[in-house]
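One letter stands for each residue in the lines below.
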Amino acid sequence: MLTFEQLLETWDGETAVVHRDPESGAWIFVCLHSTRLGPAGGGTRMKVYDTPAEALQDAMRLSGAMTRKLAVAGLPFGGGKAVIAVAEIPSGEERRALLLRYADLVASLGGSYRTSSDMNTGEADMDVIGERTEFVFGRSVEAGGSGSPAPPTATGVYHGIRASLSHVYGSDDLDGRSVVVQGAGGVGSPLAEQLASAGATVFVADIDPGRAETLAARVGGAAVPADRVLDTDCDVFAPCAVGGVLSVATVPRLRCRIVAGSANNQLAEPEAADLLQGRGILYAPDYVINAGGAIAIVGLEQLGWGRSELDTALAQIGDTLRQIYERADAEGISTAAAADALAEQRLKVG
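Residues numbered from 1 in each chain as written. Predicted model: local features only at pLDDT ≥ 70, side-chain atom pairs only at ≥ 80, totals over all residues. Heavy atoms only, no water.

### Describing the layout of surface pockets
Quick reminder of the rule: A cavity, in this analysis, means grid points on a 1 Å lattice covering only the protein atoms where a 1.4 Å probe fits yet has no way out; a pocket is instead an open set bounded by protein on both sides within 12 Å along at least five of seven lines, and a residue lines either one if it has an atom within 4 Å of a point. Grid points are joined across faces, edges and corners, and a volume is the space filled by probe spheres set on the points. Under the scheme used here, helices are H or I runs from DSSP no shorter than 4 residues and strands are E runs no shorter than 2 residues, and both carry numbers assigned from the N terminus. Only Asp, Glu, Lys and Arg are considered charged, only Ala, Val, Leu, Ile, Met, Phe, Trp, Tyr, Cys and Pro nonpolar, and every remaining residue, Gly among them, polar.
In this structure, the second largest pocket encloses a volume near 230 Å³. Lining the second largest pocket are 17 residues, with Gln-277, Ile-281, Leu-282, Asp-329 and Thr-335 sitting closest to its centre. If you list the elements that add at least two residues to the lining of the second largest pocket, you get helix 5 (150-169), helix 8 (271-278), strand 11 (282-283), helix 11 (307-331) and helix 12 (335-349). Of the residues contributing to the lining of the second largest pocket, the split by class is 10 nonpolar, 5 polar and 2 charged.

Quick look at the structure:
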């Protein structure tokens, strides 16, 4: 693993805040990748890492993805991300105290970074952070926020899957199609429900077999073992759990025509995108298809949208993916490269 110094020397972002929380021993990293289009926006991830450097690297990578996500979505924000690296996930008063100290750090940045929820944080945590700083999205409705970004993220992925089906099969009809949803959590669960309601056969995998079986039963589908998810025959594989699932080692195992899910940083290495293209598997770039949560919290809390405007914006995720697919076909490049080109184009235009 690289050192802090080596990571910072090779990063293309603007600002990295490195903070050691003496009370808990946690490391806090806030990475502002870009403020070209506005304040840096991105979630707060709380996670156990092997080393602090690994956590900093995660924050850097995720913040860059947020820059591209928000640019492609046409939102007036740059990309950022915060990671709280802990020895174990705290609860109760210990968690609250840590979040309040973190909120003070966010407040000290003067609005250059605006946060929301991410892995292992939710709207209740955003309510706590909101006690100390106004620069927070995704608080509970009772606290004046728009609530969890997970349901709109799922809706955006649903529209993205339909656009992907249309590109591959000539129709976006889900009736008779099969989808493997990896992850039965906040996004995977509502996504599975929407897919099943539209007629798809849904398979569910999760590191918690009981959770997978419960969701599968609820949507009339079937659970598959977590270690067999890549080997399951399906039309669509929807990774909605951890990132890094697509690598040069795992892509050859896929038995699908489409990869379209909500997980961040799905490509473990850039070469995986070319390998997917070579196998004829359509990949929906993660930061495009999973933008629904960011679109929702910014639209509802910052731009004054109503529900109809949000619904329209979420449906446009499918339109954006169609544009990316057409560009990839026309230029003979991977869909990941086509998405990056679109993001760079929008960043230049401002």
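### Some words on the pattern of salt bridges
Rules: What makes a salt bridge here is a side-chain nitrogen of Lys or Arg within 4 Å of a carboxyl oxygen of Asp or Glu, nothing more. Whether a residue is buried, partly exposed or exposed follows from its accessible area with a 1.4 Å probe, protein chains only, as a fraction of its type maximum: under 20%, in between, or over 50%, in that order.
In this structure the tally under the stated criterion is 19 salt bridges. Residue Arg-45 pairs with Asp-118 through a salt bridge whose shortest N-O separation is 2.6 Å. Separated by 73 residues along the polypeptide, Arg-45 in strand 3 (residues 40-47) and Asp-118 in the loop between strand 5 (113-117) and helix 4 (123-129) bring together distant segments of the chain. Grouping residues by exposure puts Arg-45 and Asp-118 together as buried. In this structure, Asp-125 and Arg-95 form a salt bridge, with 2.9 Å as the shortest nitrogen-oxygen distance. Of this pair, Asp-125 sits in helix 4 while Arg-95 sits in helix 3 (residues 92-108), placing them 30 residues apart in sequence. In terms of burial, Asp-125 and Arg-95 fall into one category: buried. One network of salt bridges, in which partners are shared, links Arg-45, Asp-58, Arg-61, Lys-81 and Asp-118.

### As for the environment of Gly-280
Residue placement: Gly-280 occurs in the loop between helix 8 and strand 11. Spatially, the C-alpha atoms of Gly-280 and Gly-130 are 46 Å apart, while their sequence positions differ by 150 residues.

### Observations concerning unusual backbone geometry
Positive phi values are uncommon outside glycine, yet Asn-120 reaches one of about 65 degrees. Counting through the fold element by element, Asn-120 comes out in the loop between strand 5 and helix 4. Of note in the backbone geometry, Asn-265 takes a positive phi value of approximately 50 degrees without being a glycine. The residue Asn-265 is located in the loop between strand 10 (258-259) and helix 8 in this model. Residue Asn-265 is classed as buried on the basis of its relative accessible area, which comes to 15%.

### Description of the nonpolar core
It is characteristic of soluble globular proteins that their nonpolar side chains tend to be buried jointly. Worth spelling out the cut-off: Nonpolar cores were defined as sets of buried Ala, Val, Leu, Ile, Met, Phe, Trp, Tyr and Cys residues, with membership established by side-chain atoms within 4.5 Å. We call two residues in contact when some of their heavy atoms are within 4.5 Å.
In terms of nonpolar packing, the biggest core is built from 55 residues, with Ile-161, Leu-174, Val-179, Val-181, Leu-191, Leu-195 and Val-202 touching the most fellow members. Among the elements that line this core, the one with the most residues is helix 11, at 8 residues. Once residues within four sequence positions are removed from consideration, Val-179 is found in contact with Leu-174, Leu-195, Ala-200, Thr-201, Val-202, Phe-203, Val-236 and Ala-238. Judged by nonpolar contacts, the second largest core, of 23 residues, contains Met-46, Ala-103, Val-128 and Phe-135.

### Looking at the pairing of strand 1 (residues 15-20)
A regular strand carries its side chains on alternate faces of the sheet. Cut-off, in case you're wondering: DSSP calls a pair of strands paired once it identifies at least 2 bridges connecting them.
Two strands pair when backbone bridges link them, and strand 1 and strand 2 (residues 27-32) are joined in this way by 6 bridges, in the antiparallel orientation. Bridge pairing in strand 2 places Val-17 opposite Val-30. Linking strand 1 back to strand 2 in an antiparallel pair, the connection comprises 6 residues, with Gly-25 at a positive phi of about 85 degrees.

### Considerations on the sheet that holds strand 1
So the rule is basically this: Each axis is a line fitted through C-alpha atoms, taken for helices only over the stretch in contact, and angles between the N-to-C directions span 0 to 180 degrees.
Pairing in this open sheet of 5 strands is mixed, and the strands run 1-2-4-3-5 from one edge to the other. Both edges of this open sheet fall to strand 1 and strand 5, since each of them pairs with a single strand only. When strand polarity is set aside, the average angle formed by the axes of neighbouring strands in this sheet is 20 degrees. Along the sheet face, helix 2 (residues 52-72) touches strand 2, strand 3 and strand 4 (78-85) and points at about 155 degrees away from the line of strand 4.

### Regarding the pairing of strand 3
The test is simple: The path from the first strand over the helix to the second decides the hand: if it runs clockwise while the strands point away from the viewer, the crossover is right-handed.
Among the 8 residues that make up strand 3, 7 are buried, leaving the element largely enclosed by the rest of the structure. By the bridge criterion, 6 bridges tie strand 3 to strand 4 in an arrangement that is parallel. Opposite Lys-47, over in strand 4, you have Ala-85 as the bridge partner. Following the chain from strand 3 across helix 2 to the adjacent parallel strand 4, one finds a crossover that is right-handed. As judged from the 5 bridges shared by strand 3 and strand 5, these two strands associate in the parallel manner. The partner of Gly-43 across the bridge, within strand 5, is Ser-116.

### Focus on the packing of aromatic side chains
Applicable threshold: Stacked, edge-to-face and tilted labels apply to pairs of Phe, Tyr and Trp rings (six-membered ring for Trp) whose centres lie within 6.5 Å, assigned for plane angles under 30 degrees, over 60, and everything in between, in that order.
Inspection of the entire model under this criterion finds 4 aromatic pairs. The interplanar angle of 0 degrees and the centroid separation of 6.0 Å between the aromatic rings of Trp-27 and Phe-29 together place this pair among those described as stacked. Here Trp-27 falls in the partly exposed class, since its relative accessible area comes to 23%. Where Phe-77 meets Phe-137, the ring centres are 5.8 Å apart and the plane angle is 80 degrees; that geometry is what we call edge-to-face. Placement of Phe-77 in the loop between helix 2 and strand 4 and of Phe-137 in the loop between helix 4 and helix 5 is noted, with a sequence separation of 60 residues between them. Both residues of the pair, Phe-77 and Phe-137, belong to the buried class. An aromatic cluster of three or more residues is present, and its members are Phe-4, Trp-27 and Phe-29.

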